[in-house]
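# Working through the structure, step by step
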Amino acid sequence: VLAYIIEVLVINIGNLLLTLLLGMFLGVLPGTAACIAAAALFRHTAGGAHSKSPWRCAAVTIIVFPAMALLASHLAAPDQIHTDILSVVAILVGLVSVIILAPVDTPSAPIISPTRRRKLKVLSIFAFTLIAIAIILLRQSVWSNAREIQLCLILSLFWTSFNLSKPGHRLMSFVDGIKIQKRGGD
């Protein structure tokens, strides 16, 4: 058990460092960090789809969060109206997802207690509210990176809402089903 805990801890720390390193390499480190922070805050309480393998989960994280930050950096260029529309849609999708779906458990981590389920629902709504407020406040900010970070939070809200849904679970099942061939020795 201790060896497993150490392995998961090392994988998660490595996962975080590699994700941030890729974000830095792509020139979107602040956005990558914002995506990770928003997703961690939301997913910690709302739950959602998870890969059965911490290695596959790490691979998804290393790919998805820098990609979202890179997309946000490209979306930040158009007019503010596009960002405003995405903000409204993301907040509505996130709110509906939290109200209807959260908290989402997995077979490996079921939520048995109704009291715990209610507590996680309230905490999910609180986490969602913090992210929504950050999106709204960034709209008012004069900071030069505000729109990019705002879009990172928007995309993270879409991603975490997706992970609460059945299609999100199907995606993780698909990722779990990818066969990795090992090369045999000659």
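To be clear, the structure that these remarks concern was listed above.
Residues numbered from 1 in each chain as written. Predicted model: local features only at pLDDT ≥ 70, side-chain atom pairs only at ≥ 80, totals over all residues. Heavy atoms only, no water.

A count of helices and strands for the protein chain gives 7 helices and 0 strands. In the protein chain, the succession of helices and strands from N to C terminus is α-α-α-α-α-α-α. A compact globule built from 186 residues should have a C-alpha radius of gyration of about 16 Å, and the protein chain, at 17 Å, falls within 12% of that. Its C-alpha atoms give the protein chain principal-axis dimensions of about 55 × 50 × 30 Å. Once local pairs closer than 6 in sequence are excluded, the contacts in the protein chain between residues at least 24 apart make up 77%. (Helix = DSSP H or I, 4+ residues; strand = E, 2+ residues; numbered from the N terminus. Rg over C-alpha atoms; globule rule 2.2 N^0.38 Å. Contact = heavy atoms within 4.5 Å.)

So, about the packing of helix H1 (residues 2-25) against helix H3 (residues 54-75). The contact between H1 and H3 brings their axes to 9 Å, and the two run at 20 degrees. On the basis of their axis angle, the class for H1 and H3 is roughly parallel. Relative to H3, H1 is oriented so that their crossing is right-handed. Within the contact between the two elements, H1 uses Glu7, Val8, Ile11, Asn15, Leu18, Thr19, Leu22 and Gly23 and H3 uses Pro54, Trp55, Ala58, Thr61, Ile62, Phe65 and Pro66. Residue composition of the contact of H1 with H3, grouped by class: 10 nonpolar, 4 polar and 1 charged. (Axes fitted to C-alpha atoms, helices over the stretch in contact; angles between N-to-C directions. Parallel < 35°, antiparallel > 145°, perpendicular 65-115°, else oblique. Left-handed = near helix turned anticlockwise from the far one by under 90°. Nonpolar A, V, L, I, M, F, W, Y, C, P; charged D, E, K, R; others polar.)

Glancing now at a nonpolar patch on the surface. A surface patch of nonpolar side chains, about 540 Å² in accessible area, is lined by Leu2, Tyr4, Ile5, Ile6 and Val10. Tracing the backbone shows Tyr4 in helix H1. What makes Tyr4 exposed here is its relative accessible area of 52%. (Patch = residues over 30% accessible without salt bridge, like charges linked within 9 Å, V, L, I, M, F, W, Y side chains within 5 Å. Areas by Shrake-Rupley, 256 points an atom, 1.4 Å probe, with all protein chains shown as cover. Salt bridge = Lys/Arg side-chain N within 4 Å of Asp/Glu carboxyl O. Buried < 20%, exposed > 50% of the residue type's maximum accessible area, 1.4 Å probe, protein only.)

What follows covers the environment of Arg139. Among the structural elements, Arg139 can be located in helix H5 (residues 114-140). Measuring from C-alpha to C-alpha, the distance between Arg139 and Ile149 comes to 9.9 Å, with 10 residues separating the pair along the chain. Discounting chain neighbours no more than four positions away, the residues touching Arg139 are Gln80, Asp84 and Gln150. Among the polar contacts listed, one links the side chain of Arg139 to the side chain of Asp84, at a separation of 2.7 Å. (Polar contact = N/O pair within 3.5 Å; in protein donor to acceptor, adjacent residues only side chain to side chain.)

This next bit is on the pattern of salt bridges. Applying the stated criterion to the full structure yields 2 salt bridges. For Asp84, the salt bridge identified is with Arg139, shortest N-O distance 2.7 Å. In this pair, Asp84 sits in helix H4 (residues 80-100) while Arg139 sits in helix H5, placing the two residues 55 residues apart along the sequence. By relative accessible area, which is 36% here, Arg139 ends up partly exposed. A salt bridge links Arg117 to Asp105, with the shortest nitrogen-to-oxygen separation between them at 3.4 Å. Of this pair, Arg117 sits in helix H5 while Asp105 sits in the loop between H4 and H5, and the two are 12 residues apart along the sequence.

Before going further, it helps to spend a moment on H1. With 24 residues, H1 should reach 34 Å at 1.5 Å per residue; the first-to-last C-alpha distance of 34 Å fits that figure. Taken together, the buried positions of H1 are Ile11, Asn15, Thr19 and Gly23. Tucked into the core, H1 has its buried residues touching helix H2 (29-46) and H3. Where H1 ends, the next residue or the one after it, Gly27, has phi of about 80 degrees, a positive value. (Expected span 1.5 Å × (residues − 1).)

In this section: unusual backbone geometry. In this model, Ala102 is joined to Pro103 through a cis peptide bond whose omega is -5 degrees. Position of Pro103 among the secondary structure elements: in the loop between H4 and H5.

Interhelical geometry of H4 versus helix H6 (residues 146-164) gives an angle of 30 degrees and a closest axis separation of 9 Å. When the axis of H4 is compared with that of H6, the two are roughly parallel. Considering the relative orientation of H4 and H6, their crossing is left-handed. Across from Gln80, Thr83, Leu86, Ser87, Val89, Ala90, Ile91, Val93, Gly94 and Ser97 in H4, the residues of H6 making contact are Arg147, Gln150, Leu151, Ile154, Leu157, Phe158, Ser161 and Leu164. Of the residues in the contact of H4 with H6, the class split is 10 nonpolar, 7 polar and 1 charged.

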